[in-house]
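# Summary of structural features
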Amino acid sequence: MEHKYEEWQQQLVKCIRCGTCRSVCPVFQVADNENTTARGKVKLLEAVSEGKLTLTTELQARMSKCLLCKACAAGCPSGVKTDELFLSARRALAVENGLPLAKRLAFTGLTYRKLFDLGLKIGSLFQGIVFKDAPDGRGKVARIPLPGAGLGQRRIIPPLATKPLRSRLPEINKVASPKARVAFYTGCMLNYVYPDAGEAIVKILKAHDVEVIIPAKQSCCGTPAFTSGDYQVGRYLAEENVKLLAAGKYDSIITGCASCGAALKHEYGAIIEDPEVKQLWEELSKKIKDITEFVVSRGIKQDLREVRAKITYHDPCHLVRGMGVSKEPRQLLQAIPGVNYAEMKDAAKCCGAGGTFSMAHYDISRTINDWKLDNAEETGATILATGCSACRMHITDGLGQRGSHMKVVHTAEIIAKAYGLD
Ligand code: SF4
Ligand code: SF4
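Each chain has its residues counted from 1, running along the sequence as written. As they are written, the chains are lettered A onward and the ligands numbered 1 onward, keeping that order. The predicted origin of the model limits local features to residues at a pLDDT of at least 70 and limits the giving and counting of side-chain atom pairs to 80 or more, whereas totals for whole chains, interfaces and linings rest on all residues. The basis for every side-chain value is the complete set of non-hydrogen atoms in the structure, without hydrogens or water.

Looking at an unreviewed UniProt entry, the chain carries the name Glycolate oxidase iron-sulfur subunit, with the source organism given as Sporomusa silvacetica DSM 10669. UniProt positions are given in the numbering used here, feature names are shortened, and annotations may be inferred rather than shown by experiment. Under the heading Function (unreviewed entry), UniProt records this for the chain: "Component of a complex that catalyzes the oxidation of glycolate to glyoxylate."

This is the structure:
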(Lines give C-alpha, C1' and ligand atoms only; values in the text may rest on other atoms or scores of the structure.)
(Ligands and ions follow the chains in the order given, each with its own letter.)
Protein backbone atom coordinates (compact mmCIF):
# COMPACT_ATOMS: atom_id res chain seq x y z
CA MET A 1 0.00 0.00 0.00
CA GLU A 2 3.06 2.30 -0.16
CA HIS A 3 1.84 4.04 -3.28
CA LYS A 4 -1.43 4.92 -1.53
CA TYR A 5 0.47 6.60 1.25
CA GLU A 6 2.16 8.78 -1.34
CA GLU A 7 -1.28 9.74 -2.63
CA TRP A 8 -2.43 10.41 0.93
CA GLN A 9 0.65 12.56 1.57
CA GLN A 10 -0.33 14.93 -1.23
CA GLN A 11 -3.51 15.71 0.71
CA LEU A 12 -2.17 15.34 4.25
CA VAL A 13 0.53 18.01 3.82
CA LYS A 14 -2.10 20.57 2.88
CA CYS A 15 -3.79 20.44 6.30
CA ILE A 16 -2.89 23.57 8.30
CA ARG A 17 -4.69 22.31 11.44
CA CYS A 18 -7.00 25.32 11.37
CA GLY A 19 -9.95 23.34 12.80
CA THR A 20 -12.53 24.80 10.41
CA CYS A 21 -13.73 21.23 9.85
CA ARG A 22 -14.60 20.91 13.55
CA SER A 23 -17.32 23.53 13.21
CA VAL A 24 -19.12 21.68 10.40
CA CYS A 25 -18.71 18.05 11.43
CA PRO A 26 -22.05 16.63 12.66
CA VAL A 27 -20.36 13.60 14.25
CA PHE A 28 -17.99 15.83 16.24
CA GLN A 29 -20.98 17.88 17.39
CA VAL A 30 -22.38 14.72 18.98
CA ALA A 31 -19.26 12.82 20.02
CA ASP A 32 -17.15 15.85 21.03
CA ASN A 33 -13.97 13.94 20.29
CA GLU A 34 -11.14 15.33 18.15
CA ASN A 35 -10.65 11.90 16.54
CA THR A 36 -14.06 12.21 14.89
CA THR A 37 -13.18 15.45 13.11
CA ALA A 38 -11.53 15.59 9.72
CA ARG A 39 -8.49 17.19 11.38
CA GLY A 40 -8.21 14.32 13.83
CA LYS A 41 -8.56 11.72 11.09
CA VAL A 42 -5.98 13.54 8.96
CA LYS A 43 -3.57 13.39 11.91
CA LEU A 44 -4.18 9.65 12.33
CA LEU A 45 -3.60 8.97 8.64
CA GLU A 46 -0.46 11.09 8.74
CA ALA A 47 0.84 8.84 11.51
CA VAL A 48 0.05 5.79 9.35
CA SER A 49 1.81 7.27 6.33
CA GLU A 50 4.90 7.99 8.47
CA GLY A 51 4.95 4.44 9.83
CA LYS A 52 4.11 5.54 13.40
CA LEU A 53 0.73 3.80 13.36
CA THR A 54 -0.48 0.65 11.63
CA LEU A 55 -3.80 -0.15 10.00
CA THR A 56 -5.39 -1.58 13.13
CA THR A 57 -8.99 -2.58 13.69
CA GLU A 58 -9.20 0.24 16.22
CA LEU A 59 -8.27 2.71 13.51
CA GLN A 60 -10.87 1.06 11.26
CA ALA A 61 -13.53 1.65 13.92
CA ARG A 62 -12.49 5.32 14.20
CA MET A 63 -12.56 5.84 10.44
CA SER A 64 -16.07 4.37 10.37
CA LYS A 65 -17.26 7.24 12.57
CA CYS A 66 -17.77 9.50 9.59
CA LEU A 67 -20.90 10.20 7.56
CA LEU A 68 -18.86 10.91 4.41
CA CYS A 69 -21.05 14.01 4.24
CA LYS A 70 -18.32 16.06 2.52
CA ALA A 71 -18.99 19.11 4.74
CA CYS A 72 -15.35 19.17 5.86
CA ALA A 73 -14.04 18.92 2.29
CA ALA A 74 -16.40 21.67 1.09
CA GLY A 75 -15.35 24.08 3.83
CA CYS A 76 -11.63 23.31 4.07
CA PRO A 77 -9.65 26.51 3.34
CA SER A 78 -6.64 24.46 2.24
CA GLY A 79 -8.60 22.28 -0.14
CA VAL A 80 -7.81 18.99 1.59
CA LYS A 81 -9.87 16.37 -0.23
CA THR A 82 -10.89 14.71 3.01
CA ASP A 83 -13.76 12.83 1.36
CA GLU A 84 -11.41 11.08 -1.08
CA LEU A 85 -8.82 10.56 1.63
CA PHE A 86 -11.25 8.88 4.01
CA LEU A 87 -12.61 6.58 1.30
CA SER A 88 -9.07 5.57 0.40
CA ALA A 89 -8.30 4.94 4.07
CA ARG A 90 -11.37 2.73 4.46
CA ARG A 91 -10.22 0.76 1.46
CA ALA A 92 -6.73 0.24 2.92
CA LEU A 93 -8.21 -0.76 6.26
CA ALA A 94 -10.64 -3.23 4.65
CA VAL A 95 -7.77 -4.81 2.71
CA GLU A 96 -5.71 -5.13 5.88
CA ASN A 97 -8.39 -6.23 8.35
CA GLY A 98 -11.23 -7.48 6.18
CA LEU A 99 -14.91 -6.66 6.68
CA PRO A 100 -17.53 -8.42 8.83
CA LEU A 101 -18.92 -11.58 7.22
CA ALA A 102 -22.46 -10.13 6.92
CA LYS A 103 -21.14 -7.16 4.95
CA ARG A 104 -18.96 -9.32 2.73
CA LEU A 105 -21.89 -11.59 1.89
CA ALA A 106 -24.25 -8.67 1.29
CA PHE A 107 -21.78 -6.88 -1.01
CA THR A 108 -20.93 -10.06 -2.92
CA GLY A 109 -24.68 -10.58 -3.37
CA LEU A 110 -24.84 -7.25 -5.22
CA THR A 111 -22.64 -8.66 -7.98
CA TYR A 112 -25.18 -11.41 -8.76
CA ARG A 113 -27.79 -9.10 -10.26
CA LYS A 114 -30.49 -11.68 -11.02
CA LEU A 115 -30.08 -13.46 -7.70
CA PHE A 116 -30.17 -10.14 -5.83
CA ASP A 117 -33.34 -9.19 -7.68
CA LEU A 118 -34.95 -12.53 -6.91
CA GLY A 119 -33.88 -12.30 -3.25
CA LEU A 120 -35.54 -8.91 -2.81
CA LYS A 121 -38.69 -10.02 -4.62
CA ILE A 122 -38.96 -13.03 -2.31
CA GLY A 123 -38.09 -10.75 0.64
CA SER A 124 -41.03 -8.48 -0.24
CA LEU A 125 -43.39 -11.47 0.01
CA PHE A 126 -42.13 -12.66 3.37
CA GLN A 127 -41.20 -9.35 5.06
CA GLY A 128 -44.25 -9.69 7.35
CA ILE A 129 -42.53 -12.57 9.17
CA VAL A 130 -39.61 -10.42 10.34
CA PHE A 131 -41.28 -7.00 10.39
CA LYS A 132 -44.60 -5.63 11.60
CA ASP A 133 -46.34 -2.35 10.80
CA ALA A 134 -45.00 0.69 12.69
CA PRO A 135 -47.55 2.26 15.06
CA ASP A 136 -48.28 5.23 12.76
CA GLY A 137 -48.45 3.03 9.67
CA ARG A 138 -45.72 4.80 7.74
CA GLY A 139 -43.32 1.87 7.67
CA LYS A 140 -42.25 -1.28 9.43
CA VAL A 141 -40.34 -2.15 12.58
CA ALA A 142 -38.43 -5.35 13.32
CA ARG A 143 -40.29 -7.89 15.47
CA ILE A 144 -36.99 -8.82 17.15
CA PRO A 145 -33.76 -6.76 17.23
CA LEU A 146 -31.55 -7.41 14.18
CA PRO A 147 -28.24 -5.84 15.17
CA GLY A 148 -26.42 -7.40 12.19
CA ALA A 149 -28.66 -5.35 9.90
CA GLY A 150 -28.46 -2.25 12.10
CA LEU A 151 -32.11 -2.64 13.08
CA GLY A 152 -33.40 -2.20 16.58
CA GLN A 153 -37.10 -2.47 17.37
CA ARG A 154 -37.72 1.28 17.35
CA ARG A 155 -36.23 1.97 13.94
CA ILE A 156 -38.89 2.48 11.27
CA ILE A 157 -37.97 1.33 7.80
CA PRO A 158 -39.99 1.43 4.59
CA PRO A 159 -41.38 -1.86 3.29
CA LEU A 160 -39.99 -3.48 0.16
CA ALA A 161 -42.29 -2.79 -2.78
CA THR A 162 -44.36 -5.81 -3.79
CA LYS A 163 -43.70 -4.84 -7.41
CA PRO A 164 -40.36 -3.10 -8.07
CA LEU A 165 -40.19 -0.16 -10.44
CA ARG A 166 -38.39 -2.08 -13.18
CA SER A 167 -41.19 -4.70 -13.14
CA ARG A 168 -43.87 -2.01 -13.26
CA LEU A 169 -42.55 -0.16 -16.28
CA PRO A 170 -41.28 -1.36 -19.65
CA GLU A 171 -37.59 -1.03 -20.45
CA ILE A 172 -38.37 1.40 -23.27
CA ASN A 173 -40.81 4.20 -22.48
CA LYS A 174 -41.62 5.83 -25.80
CA VAL A 175 -43.07 9.26 -26.57
CA ALA A 176 -44.69 10.45 -29.81
CA SER A 177 -42.04 12.96 -30.94
CA PRO A 178 -38.91 12.45 -28.84
CA LYS A 179 -36.69 15.48 -28.31
CA ALA A 180 -34.12 13.45 -26.38
CA ARG A 181 -33.37 9.85 -25.45
CA VAL A 182 -32.16 9.23 -21.92
CA ALA A 183 -31.37 6.32 -19.63
CA PHE A 184 -32.93 6.34 -16.19
CA TYR A 185 -30.50 4.83 -13.71
CA THR A 186 -32.91 3.84 -10.95
CA GLY A 187 -30.40 2.27 -8.55
CA CYS A 188 -31.73 -0.07 -5.85
CA MET A 189 -33.79 2.15 -3.57
CA LEU A 190 -36.04 3.69 -6.23
CA ASN A 191 -36.48 0.26 -7.74
CA TYR A 192 -37.20 -1.83 -4.66
CA VAL A 193 -38.37 0.65 -2.02
CA TYR A 194 -39.70 3.87 -3.56
CA PRO A 195 -41.07 2.87 -7.00
CA ASP A 196 -43.72 5.64 -6.87
CA ALA A 197 -40.93 8.24 -6.93
CA GLY A 198 -39.30 6.40 -9.82
CA GLU A 199 -42.60 6.36 -11.73
CA ALA A 200 -42.98 10.10 -11.13
CA ILE A 201 -39.54 10.66 -12.67
CA VAL A 202 -40.44 8.69 -15.81
CA LYS A 203 -43.75 10.54 -16.18
CA ILE A 204 -42.02 13.93 -15.87
CA LEU A 205 -39.41 12.99 -18.46
CA LYS A 206 -42.10 11.81 -20.87
CA ALA A 207 -44.02 15.06 -20.31
CA HIS A 208 -40.88 16.79 -21.60
CA ASP A 209 -41.02 14.60 -24.74
CA VAL A 210 -38.09 12.50 -23.64
CA GLU A 211 -37.84 8.81 -24.47
CA VAL A 212 -36.83 6.96 -21.32
CA ILE A 213 -34.88 3.73 -21.32
CA ILE A 214 -34.66 1.96 -17.97
CA PRO A 215 -31.77 -0.46 -18.64
CA ALA A 216 -32.82 -3.84 -17.23
CA LYS A 217 -29.23 -4.95 -16.73
CA GLN A 218 -28.21 -2.06 -14.49
CA SER A 219 -26.53 -3.09 -11.23
CA CYS A 220 -26.36 -1.42 -7.82
CA CYS A 221 -24.16 1.69 -8.04
CA GLY A 222 -21.80 0.10 -5.51
CA THR A 223 -21.91 2.91 -2.93
CA PRO A 224 -22.55 0.65 0.09
CA ALA A 225 -19.59 -1.53 -0.92
CA PHE A 226 -16.93 1.05 -1.76
CA THR A 227 -17.82 3.39 1.10
CA SER A 228 -17.24 0.42 3.41
CA GLY A 229 -13.86 -0.19 1.78
CA ASP A 230 -14.87 -3.10 -0.49
CA TYR A 231 -13.34 -1.82 -3.70
CA GLN A 232 -13.35 -5.21 -5.37
CA VAL A 233 -17.15 -5.26 -5.43
CA GLY A 234 -17.38 -1.48 -5.88
CA ARG A 235 -15.12 -1.60 -8.94
CA TYR A 236 -16.94 -4.54 -10.49
CA LEU A 237 -20.31 -2.78 -10.18
CA ALA A 238 -18.92 0.56 -11.38
CA GLU A 239 -17.33 -0.99 -14.46
CA GLU A 240 -20.46 -3.02 -15.31
CA ASN A 241 -22.68 0.06 -15.04
CA VAL A 242 -20.36 2.26 -17.08
CA LYS A 243 -20.04 -0.30 -19.89
CA LEU A 244 -23.82 -0.75 -19.97
CA LEU A 245 -24.71 2.95 -19.89
CA ALA A 246 -22.00 3.99 -22.36
CA ALA A 247 -23.14 1.33 -24.87
CA GLY A 248 -26.61 2.90 -25.06
CA LYS A 249 -25.26 6.23 -26.39
CA TYR A 250 -27.91 8.17 -24.48
CA ASP A 251 -28.21 11.96 -24.51
CA SER A 252 -28.22 11.99 -20.70
CA ILE A 253 -28.26 9.57 -17.79
CA ILE A 254 -30.93 10.58 -15.28
CA THR A 255 -30.63 9.76 -11.61
CA GLY A 256 -33.18 10.29 -8.87
CA CYS A 257 -31.13 9.18 -5.92
CA ALA A 258 -28.30 11.45 -4.83
CA SER A 259 -25.95 8.68 -3.75
CA CYS A 260 -26.23 6.86 -7.08
CA GLY A 261 -25.79 10.15 -8.95
CA ALA A 262 -22.68 11.19 -7.01
CA ALA A 263 -21.18 7.73 -7.48
CA LEU A 264 -21.79 7.67 -11.23
CA LYS A 265 -20.72 11.27 -11.76
CA HIS A 266 -17.68 11.56 -9.49
CA GLU A 267 -16.77 8.67 -7.24
CA TYR A 268 -16.36 6.13 -10.03
CA GLY A 269 -13.31 8.14 -11.10
CA ALA A 270 -11.34 6.83 -8.12
CA ILE A 271 -12.69 3.28 -8.39
CA ILE A 272 -12.50 2.19 -12.02
CA GLU A 273 -9.14 0.70 -12.96
CA ASP A 274 -9.65 -0.68 -16.47
CA PRO A 275 -8.24 2.11 -18.73
CA GLU A 276 -10.82 1.54 -21.47
CA VAL A 277 -13.72 1.69 -19.04
CA LYS A 278 -12.17 4.75 -17.40
CA GLN A 279 -12.16 6.48 -20.77
CA LEU A 280 -15.83 5.56 -21.28
CA TRP A 281 -16.62 6.90 -17.81
CA GLU A 282 -14.90 10.23 -18.49
CA GLU A 283 -17.37 10.90 -21.33
CA LEU A 284 -20.31 9.36 -19.50
CA SER A 285 -19.83 11.37 -16.30
CA LYS A 286 -20.62 14.60 -18.19
CA LYS A 287 -24.05 13.18 -19.02
CA ILE A 288 -25.12 12.27 -15.46
CA LYS A 289 -27.94 14.56 -14.36
CA ASP A 290 -30.21 14.60 -11.35
CA ILE A 291 -33.87 14.73 -12.42
CA THR A 292 -34.35 18.27 -11.03
CA GLU A 293 -31.25 19.52 -12.85
CA PHE A 294 -32.49 17.96 -16.10
CA VAL A 295 -36.00 19.42 -15.83
CA VAL A 296 -34.72 22.92 -15.08
CA SER A 297 -32.28 22.70 -18.00
CA ARG A 298 -35.21 21.87 -20.34
CA GLY A 299 -37.41 24.63 -18.94
CA ILE A 300 -40.07 24.23 -16.26
CA LYS A 301 -43.52 23.77 -17.78
CA GLN A 302 -45.75 26.84 -17.60
CA ASP A 303 -49.30 25.56 -17.07
CA LEU A 304 -48.72 24.01 -13.66
CA ARG A 305 -51.52 22.77 -11.46
CA GLU A 306 -51.95 24.24 -8.02
CA VAL A 307 -50.49 22.24 -5.11
CA ARG A 308 -51.68 23.74 -1.84
CA ALA A 309 -49.05 22.87 0.76
CA LYS A 310 -46.33 24.34 2.92
CA ILE A 311 -43.16 22.58 1.79
CA THR A 312 -39.58 22.57 3.01
CA TYR A 313 -36.57 21.00 1.34
CA HIS A 314 -33.64 18.97 2.70
CA ASP A 315 -30.39 19.01 0.68
CA PRO A 316 -28.92 15.49 0.53
CA CYS A 317 -25.12 15.64 1.01
CA HIS A 318 -24.58 13.71 -2.21
CA LEU A 319 -26.81 16.08 -4.15
CA VAL A 320 -25.62 19.45 -2.82
CA ARG A 321 -21.93 18.67 -2.34
CA GLY A 322 -21.71 15.50 -4.43
CA MET A 323 -23.46 16.67 -7.61
CA GLY A 324 -23.58 20.44 -7.01
CA VAL A 325 -27.39 20.50 -7.22
CA SER A 326 -29.21 22.75 -4.75
CA LYS A 327 -30.96 25.61 -6.54
CA GLU A 328 -32.85 23.44 -9.07
CA PRO A 329 -35.15 21.59 -6.61
CA ARG A 330 -35.96 24.91 -4.93
CA GLN A 331 -36.63 26.59 -8.28
CA LEU A 332 -39.04 23.81 -9.18
CA LEU A 333 -40.88 23.80 -5.86
CA GLN A 334 -41.16 27.58 -5.80
CA ALA A 335 -42.53 27.65 -9.36
CA ILE A 336 -45.60 25.62 -8.37
CA PRO A 337 -48.71 27.72 -7.69
CA GLY A 338 -50.08 27.19 -4.21
CA VAL A 339 -46.78 25.96 -2.76
CA ASN A 340 -45.75 27.94 0.28
CA TYR A 341 -42.03 27.21 0.29
CA ALA A 342 -40.29 27.51 3.66
CA GLU A 343 -36.51 27.19 3.80
CA MET A 344 -35.32 25.34 6.89
CA LYS A 345 -32.28 26.27 8.93
CA ASP A 346 -29.17 24.29 7.96
CA ALA A 347 -30.97 22.64 5.03
CA ALA A 348 -27.64 21.42 3.63
CA LYS A 349 -26.50 19.84 6.88
CA CYS A 350 -26.36 16.02 6.84
CA CYS A 351 -29.50 14.26 8.12
CA GLY A 352 -27.37 11.64 9.87
CA ALA A 353 -28.07 8.74 7.53
CA GLY A 354 -24.60 8.43 6.00
CA GLY A 355 -25.34 5.12 4.23
CA THR A 356 -24.08 2.29 6.40
CA PHE A 357 -23.13 4.83 9.15
CA SER A 358 -26.67 4.77 10.56
CA MET A 359 -26.52 0.98 10.76
CA ALA A 360 -23.30 0.96 12.77
CA HIS A 361 -23.85 4.14 14.83
CA TYR A 362 -27.61 4.45 15.07
CA ASP A 363 -27.69 6.52 18.26
CA ILE A 364 -25.32 9.16 16.86
CA SER A 365 -27.20 9.24 13.58
CA ARG A 366 -30.51 9.68 15.45
CA THR A 367 -29.20 12.67 17.40
CA ILE A 368 -27.99 14.31 14.17
CA ASN A 369 -31.33 13.49 12.58
CA ASP A 370 -33.21 15.10 15.46
CA TRP A 371 -31.54 18.45 14.68
CA LYS A 372 -32.75 18.10 11.10
CA LEU A 373 -36.28 17.31 12.27
CA ASP A 374 -36.30 20.25 14.69
CA ASN A 375 -35.29 22.59 11.87
CA ALA A 376 -37.83 21.08 9.48
CA GLU A 377 -40.67 21.26 11.99
CA GLU A 378 -39.78 24.83 12.93
CA THR A 379 -40.80 25.91 9.39
CA GLY A 380 -44.36 24.70 9.98
CA ALA A 381 -44.20 22.75 6.72
CA THR A 382 -46.38 19.68 6.30
CA ILE A 383 -44.23 18.19 3.54
CA LEU A 384 -40.48 17.73 3.39
CA ALA A 385 -39.11 17.16 -0.10
CA THR A 386 -35.74 15.63 -0.82
CA GLY A 387 -33.82 13.82 -3.55
CA CYS A 388 -32.12 10.94 -1.79
CA SER A 389 -33.79 7.71 -0.76
CA ALA A 390 -31.46 7.17 2.21
CA CYS A 391 -32.27 10.64 3.59
CA ARG A 392 -35.97 10.02 2.98
CA MET A 393 -35.81 6.75 4.89
CA HIS A 394 -33.87 8.19 7.83
CA ILE A 395 -35.97 11.36 8.15
CA THR A 396 -39.20 9.34 7.92
CA ASP A 397 -37.91 7.10 10.69
CA GLY A 398 -37.26 10.11 12.93
CA LEU A 399 -40.60 11.75 12.19
CA GLY A 400 -42.44 8.49 12.86
CA GLN A 401 -40.70 8.01 16.19
CA ARG A 402 -41.62 11.50 17.35
CA GLY A 403 -45.22 11.16 16.11
CA SER A 404 -44.94 14.02 13.62
CA HIS A 405 -47.48 14.33 10.81
CA MET A 406 -44.92 15.79 8.38
CA LYS A 407 -44.68 13.72 5.19
CA VAL A 408 -41.43 13.04 3.35
CA VAL A 409 -41.57 12.76 -0.44
CA HIS A 410 -39.23 12.83 -3.41
CA THR A 411 -39.17 16.25 -5.08
CA ALA A 412 -40.21 14.55 -8.33
CA GLU A 413 -43.49 13.41 -6.77
CA ILE A 414 -44.48 17.03 -6.14
CA ILE A 415 -43.43 18.08 -9.64
CA ALA A 416 -45.46 15.21 -11.12
CA LYS A 417 -48.48 16.42 -9.14
CA ALA A 418 -48.03 19.96 -10.45
CA TYR A 419 -47.67 18.56 -13.97
CA GLY A 420 -51.03 16.79 -13.49
CA LEU A 421 -49.38 13.39 -13.76
CA ASP A 422 -50.27 11.87 -10.39
S1 SF4 B 1 -10.39 22.48 7.64
FE2 SF4 B 1 -8.89 21.46 6.29
S3 SF4 B 1 -6.92 22.45 6.79
FE4 SF4 B 1 -8.32 22.97 8.45
S5 SF4 B 1 -7.94 21.36 10.00
FE6 SF4 B 1 -9.66 20.65 8.74
S7 SF4 B 1 -8.72 19.38 7.12
FE8 SF4 B 1 -7.05 20.61 8.07
S1 SF4 C 1 -17.25 13.88 6.10
FE2 SF4 C 1 -18.76 14.82 7.51
S3 SF4 C 1 -18.84 13.39 9.26
FE4 SF4 C 1 -16.96 12.88 8.10
S5 SF4 C 1 -15.32 14.08 9.11
FE6 SF4 C 1 -16.10 15.31 7.40
S7 SF4 C 1 -17.70 16.63 8.31
FE8 SF4 C 1 -17.29 14.95 9.77
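Numbering of helices and strands runs from the N terminus, with a helix taken as a DSSP run of H or I at least four residues long and a strand as a DSSP run of E at least two residues long. Across its full length, the chain carries 23 helices and 11 strands. The principal-axis extent of the C-alpha atoms belonging to the chain is close to 65 × 50 × 45 Å. Here the term buried applies to any residue with accessible area under 20% of the maximum for its type, exposed to any over 50%, and partly exposed to those in between, with areas from a 1.4 Å probe on protein chains only. Every one of the 422 residues in the chain was classed for burial, and the buried ones make up 55%. A separation threshold of at least 6 residues defines the contact pool for the chain, and within that pool the share at least 24 residues apart is 76%. Computed by Shrake-Rupley with a 1.4 Å probe, the accessible areas treat only the displayed protein chains as cover when residues are assessed. In the form shown here, the chain has an accessible surface area of approximately 18300 Å², with 53% of it arising from carbon and sulfur atoms. Side chains of the chain carry 58 positive and 45 negative charges; the gap between the two charge centres is 3 Å. Note on definitions: a residue-residue contact is assigned when non-hydrogen atoms from the two residues lie within 4.5 Å. Charge counting follows a simple rule: Lys and Arg are positive, Asp and Glu are negative, and His as well as the terminal groups are ignored. Where a charge lies is defined by one atom per residue type: Lys uses NZ, Arg uses CZ, Asp uses CG and Glu uses CD.

In this section: empty space enclosed by the protein. Lining residues are defined by having an atom within 4 Å of a point belonging to a cavity or pocket. Those points lie on a 1 Å grid over the protein atoms alone, cavities being sets where a 1.4 Å probe fits but cannot get out and pockets being open sets with protein on both sides within 12 Å along at least five of seven lines. Grid points are joined across faces, edges and corners, and a volume is the space filled by probe spheres set on the points. Inspection of the entire model under this criterion finds five cavities of 30 Å³ or more. What the largest cavity holds in volume is close to 140 Å³. Put simply, the parts of the chain that give the lining of the largest cavity at least two residues each are helix 2 (20-24), helix 4 (38-49) and helix 6 (71-75). Among the residues making up the lining of the largest cavity, the classes are represented as 12 nonpolar, five polar and two charged. Put simply, the second largest cavity is a space of about 110 Å³. Polar here means any residue outside two lists: the nonpolar Ala, Val, Leu, Ile, Met, Phe, Trp, Tyr, Cys and Pro, and the charged Asp, Glu, Lys and Arg; Gly therefore counts as polar.

Note on terminology: near, applied to a residue and a molecule or strand, indicates that one of the residue's heavy atoms is within 4 Å of it. Close to ligand 2 lie Cys25, Val27, Thr36, Ala38, Lys41, Cys66, Leu67, Leu68, Cys69, Lys70, Cys72 and Phe86. To be counted as sitting in a cavity or pocket, a molecule needs more than half of its atoms within 2 Å of that site's grid points. Its atoms largely coinciding with the cavity grid, ligand 2 occupies the second largest cavity. Each residue belonging to the shell around ligand 2 can be placed in one class, and the counts come to nine nonpolar, one polar and two charged.

Side chains of residues three or four places apart in an α-helix project in the same direction, reflecting 3.6 residues per turn. Burial runs high along helix 15 (residues 258-265): eight of the eight residues are buried. Taken together, the buried positions of helix 15 are occupied by Ala258, Ser259, Cys260, Gly261, Ala262, Ala263, Leu264 and Lys265.

Further remarks concern the sheet that holds strand 5 (residues 210-213). Ordered by their spatial adjacency, five strands build an open sheet running 3-5-4-6-7, and the pairing between neighbours is mixed. The sheet terminates laterally at strand 3 (172-173) and strand 7 (288-290), the two strands that pair on one side only. With three bridges joining them, strand 6 (residues 252-255) and strand 7 adopt parallel strand pairing. Residue pairing across strands places isoleucine 254 opposite lysine 289, the latter belonging to strand 7. Lines are fitted to the C-alpha atoms to define the axes, a helix being fitted only along its stretch in contact, and any angle between axes, read from their N-to-C directions, falls within 0 to 180 degrees. In the packing of helix 12 (residues 195-207) onto the sheet, contacts are made with strand 3, strand 4 (180-185), strand 5 and strand 6, and the angle to strand 5 comes to roughly 145 degrees. Following DSSP output, two strands are said to pair if at least two bridges run between them.

Right, let's get into the packing of helix 21 (residues 362-378) against helix 22 (residues 389-401). As a packed pair, helix 21 and helix 22 sit with axes 9 Å apart at the nearest point and diverge in direction by 80 degrees. Classified by the interaxial angle, the pair formed by helix 21 and helix 22 is roughly perpendicular. Contacts between helix 21 and helix 22 pair Tyr362, Ser365, Arg366, Asn369, Lys372, Leu373 and Glu377 from the former with His394, Ile395, Asp397, Gly398, Leu399 and Gln401 from the latter. Looking at the contact of helix 21 with helix 22 residue by residue, the classes come out as four nonpolar, five polar and four charged. Oblique is the label for any angle not under 35 degrees, not over 145, and not in the 65 to 115 range, which are roughly parallel, roughly antiparallel and roughly perpendicular in turn.

Here is the rule: rings of Phe, Tyr and Trp (six-membered ring for Trp) pair when centre to centre is within 6.5 Å. Planes less than 30 degrees apart are stacked, more than 60 are edge-to-face, and the remainder are tilted. Going through the model one piece at a time under the given rule, you end up with three aromatic pairs. Measuring from ring centre to ring centre gives 5.8 Å for phenylalanine 116 and tyrosine 192, while their planes differ by 85 degrees; the resulting arrangement is edge-to-face. In this pair, phenylalanine 116 sits in helix 9 (residues 113-130) while tyrosine 192 sits in helix 11 (residues 187-192), placing the two residues 76 residues apart along the sequence. Here phenylalanine 116 falls in the partly exposed class, since its relative accessible area comes to 23%. Classification of tyrosine 192 by relative accessible area gives buried; the value is 5%. Ring centres of phenylalanine 226 and tyrosine 231 lie 6.4 Å apart, and the angle between their planes is 70 degrees; on these two criteria the pair is classed as edge-to-face. Under the relative-accessibility criterion, phenylalanine 226 is labelled buried at 0%. Whether a charge sits over a ring depends on NZ of Lys or CZ of Arg being within 6 Å of the ring centre and within 35 degrees of the ring normal. A cation sits over an aromatic face here: lysine 41 above phenylalanine 86, 5.7 Å from the ring centre.

Taken together, Cys15, Ile16, Arg17, Cys18, Gly19, Thr20, Cys21, Arg39, Cys76, Pro77 and Ser78 form the complete shell of residues around ligand 1. The pocket occupied by ligand 1, as judged from atoms lying within 2 Å of grid points, is the largest cavity.

A separate point is a nonpolar patch on the surface. A contiguous nonpolar patch, built from Tyr112, Leu115, Leu118, Ile122, Leu125, Phe126, Ile129 and Val130 and spanning about 850 Å² of accessible area, is present on the exposed surface. Within the element layout of this structure, leucine 115 appears in helix 9. The exposure class assigned to leucine 115 is exposed, which follows from its relative accessible area of 61%. Each patch is built from residues lacking any salt bridge and having more than 30% relative accessible area; the joining distance is 9 Å for like charges and 5 Å for nonpolar side chains (Val, Leu, Ile, Met, Phe, Trp, Tyr). The term salt bridge refers to a pairing of a side-chain nitrogen on Lys or Arg with a carboxyl oxygen on Asp or Glu at a separation within 4 Å.

For this text, the term disulfide refers to a pair of cysteine sulfurs within 2.5 Å. Applying the stated criterion across every chain, the model contains zero disulfides. Of all cysteine sulfurs in the structure, the one in cysteine 260 sits closest to cysteine 257, which takes part in no disulfide; the separation is 4.3 Å. For cysteine 257, a relative accessible area of 6% gives the class buried. No disulfide involves cysteine 317; its nearest neighbouring cysteine sulfur is the one of cysteine 350, lying 3.8 Å away.

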